[in-house]
Amino acid sequence: MDAKVGPGAATETLPLEAPLARERRRTVRVGLISRVLLGTLAFILLVQVVVFVPWMATFRNYRLRDQLSAAYIAALVLDAAPDEMVPEPLKNDLLTSVGAQSIALKLPSSRRLLASTDMPPSVDERYDLRTATPIESMMSALRTLFGHQGRTISVVGDAPMGAEYIDITIDETALRNAMWTRSINVLLVSLTLSVLLAALAVATLHIFVLRPVRRLTDNLKRFGEDPEDPTRIIEPSGRLHEIGDAETALASMQTTLVDELRQKKHLAALGLAVAKINHDLRNMLSTAQLLSDRLATSSDPLVRSIGPKLIATLDRAISYCQSTLTYGRAVESAPQFGQLGLRALVDEAFETVAPHSHQRVALENSVDGNAKIVADGEQMLRVLLNMCRNSIEALEAAGAFNGEDPRVTVTSRREDNKIIIEITDNGPGVPARARAAMFEAFRGSARSGGTGLGLAIAAEIVHAHGGDIILLPQDDGPGATFRIMLPPRGI
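Model, not experiment: these values are computed from the prediction. (Residues numbered from 1 in each chain as written. Predicted model: local features only at pLDDT ≥ 70, side-chain atom pairs only at ≥ 80, totals over all residues. Heavy atoms only, no water.)

**Q** For this particular structure, what's the right way to read a nonpolar patch on the surface?
**A** Taken together, the side chains of Leu-45, Phe-146, Trp-180, Ile-184, Leu-187, Leu-188 and Leu-191 present a nonpolar region at the surface, about 640 Å² in accessible area. Counting residues per element, the nonpolar patch draws most heavily on helix H5 (residues 173–225), at five residues. Note that Leu-191 resides in helix H5. The exposure class of Leu-191 is partly exposed, given its relative accessible area of 35%. (Patch = residues over 30% accessible without salt bridge, like charges linked within 9 Å, V, L, I, M, F, W, Y side chains within 5 Å. Areas by Shrake-Rupley, 256 points an atom, 1.4 Å probe, with all protein chains shown as cover. Salt bridge = Lys/Arg side-chain N within 4 Å of Asp/Glu carboxyl O. Helix = DSSP H or I, 4+ residues; strand = E, 2+ residues; numbered from the N terminus. Buried < 20%, exposed > 50% of the residue type's maximum accessible area, 1.4 Å probe, protein only.)

**Q** So what exactly am I meant to see when it comes to the nonpolar core here?
**A** Counting 41 residues, the largest nonpolar core has Val-383, Met-387, Val-410, Ile-423 and Ile-484 as the members making the most contacts within it. Counting residues per element, this core draws most heavily on helix H9 (residues 377–398), which supplies nine residues. With 31 residues, the next largest nonpolar core counts Leu-64, Leu-129, Ala-141 and Ala-163 among its residues. (Core = buried A, V, L, I, M, F, W, Y, C linked by side-chain atoms within 4.5 Å.)

**Q** What is the right way to look at the packing of helix H8 (residues 342–353) against H9 in this model?
**A** Helix packing geometry: the angle between the two helix axes and the distance between the axes. Two numbers describe how H8 lies on H9: the axes approach to 9 Å, and their chain directions differ by 50 degrees. With respect to their mutual orientation, H8 and H9 come out oblique. Crossing angle aside, the handedness with which H8 passes H9 is right-handed. Contact residues: Leu-345, Val-346, Glu-348, Ala-349, Phe-350, Thr-352 and Val-353 in H8; Gly-377, Met-380, Leu-381, Leu-384, Leu-385, Cys-388, Arg-389 and Ile-392 in H9. When grouped by side-chain class, the residues that make up the contact of H8 with H9 number eleven nonpolar, two polar and two charged. (Axes fitted to C-alpha atoms, helices over the stretch in contact; angles between N-to-C directions. Parallel < 35°, antiparallel > 145°, perpendicular 65-115°, else oblique. Left-handed = near helix turned anticlockwise from the far one by under 90°. Contact = heavy atoms within 4.5 Å. Nonpolar A, V, L, I, M, F, W, Y, C, P; charged D, E, K, R; others polar.)

**Q** Help me out: how do you make sense of the environment of Gln-101 in this one?
**A** Within the secondary structure, Gln-101 is located in the loop between helix H3 (88–98) and strand S1 (102–106). The class of Gln-101 is buried, set by a relative accessible area of 18%. Measuring from C-alpha to C-alpha, the distance between Gln-101 and Ile-168 comes to 7.3 Å, with 67 residues separating the pair along the chain.

**Q** Would you mind showing me how to read a negative patch on the surface here?
**A** A surface patch of negative charge is lined by Asp-347, Glu-348, Glu-351 and Glu-378. The element that contributes the greatest number of residues to the negative patch is H8, accounting for three residues. Along the chain, Glu-348 turns up in helix H8. (Lys, Arg positive; Asp, Glu negative; His and termini not counted. Charge placed at Lys NZ, Arg CZ, Asp CG, Glu CD.)

**Q** So what exactly am I meant to see when it comes to the confidence of the model for the chain here?
**A** Close inspection of predicted coordinates is inappropriate in any region flagged by low pLDDT. Here the chain averages 76 in pLDDT, while 72% of its residues score no lower than 70. The model gives residues 1–21 a pLDDT under 50, and that stretch makes three contacts with residues more than four places away or in other chains. Here residues 24–28 is a poorly scored stretch, pLDDT under 50, and it has zero contacts once near neighbours within four places are set aside; other chains count. (pLDDT = per-residue confidence, 0-100.)

**Q** Please clarify how the environment of Leu-384 should be interpreted in this entry.
**A** Looking at where Leu-384 falls in the secondary structure, it is placed in helix H9. A sequence separation of 70 residues divides Leu-384 from Gly-454, and the C-alpha atoms of the two residues are 10.0 Å apart. In contact with Leu-384, other than residues within four places in its own chain, are Leu-345, Val-346, Ala-349 and Ile-423.

**Q** For this particular structure, what's the right way to read the packing of helix H4 (residues 134–146) against H5?
**A** Here H4 crosses H5 at 95 degrees, and the two axes come no closer than 8 Å. On the basis of their axis angle, the class for H4 and H5 is roughly perpendicular. Along its contact with H4, which presents Ala-141, Thr-144, Leu-145 and Phe-146, the element H5 presents Leu-175, Arg-176, Met-179, Trp-180 and Ser-183. Each residue belonging to the contact of H4 with H5 can be placed in one class, and the counts come to six nonpolar, two polar and one charged.

What follows is the structure in structure tokens.
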């Protein structure tokens, strides 16, 4: 549909663009530094909380022990005075100085309430410093810190000089206020230290990690915009750590990529020129082949003897041009799998290559008539054609081993859950110098004048079928056996 031009267009696109713009505004990107800072603060605060509760319990126990010690001294003063000789105001002053509502001293033979004021109707908690476990101390400290105002507790502790224990009843308000004051101070100090530690951690991370990583990221983005520009290759910093190693590895990879892209660009241009030359050369050679066919009917014996050699040479030249054009095409199309009769496929390959043989080469199809494969018929035919043509040309060039009749044999079998196809000839074998690059284009030819494309194309097709192709280990004779291994694919 054509876009509208004019005011109406703006009206129509606004409902679509506005939500996207609002969504972009709502999306807030939290950088790595911010995440590290928040994570560090959260971790430090968590540690502070874990440390804070035991510390607060210890602080409360110290305060209670101080009150018990002061209460014991007051109890000794009151106990030493004759009965009813201590004025009531003095008792109240002693209790006030201790911060207690009552003081009781347990002696081996008796328990004496030495002083008391107006007692509350009930005690909210009884806390025994002698038997309290760390967990009980922490829970009691939390109840004091977060409990209601004006709680009353009874605190029991050891008493020296023959007494069993001392028991005081106190109002927790003063203790609670002291705990809150100390907690706020500790919180402020902890927050200050947390911010300082987090800032130092973030600064260290930024200097030693984030800045080098950002340098790598920026270089990758810049290099990706023009990977053929050698000036965009990162210059390693030389640092002796993992990021320095990553910079060195990235520089090596980028250098290799720049060189390969430059080489592929040159090869692409060269390949286009070669394809055009081959196309025209093939047409000229085809014309020459038609003319050379008439030499075979010449009455001149010398011409008739030269004619077959000339025709064979032209055939090889045309085959070379055709192979080059075929290999220079775009990537091989994906296989179209279907069930095929292998013996019929080999027969078709033999019928195609047999007329091009200029001397008698026996072609033996020893494939079982029931053998089936799941493959692309056209592509597998090309594989068999290339393999059989290579064997025939090797036999024509060097003859069979030990003067035997030249022969190419194709067999098949199932082995280790794979379909095995073997193409065997009784020629002189493959020289050791040709085996290293056997399946590489333009390098794998074992005979003079060969292109080395047949095996490269065959290997590419077999690999696309999920299989493999190898030359069986063998000395320089007799013969050569190529093995194609294909997955069964449900057969």
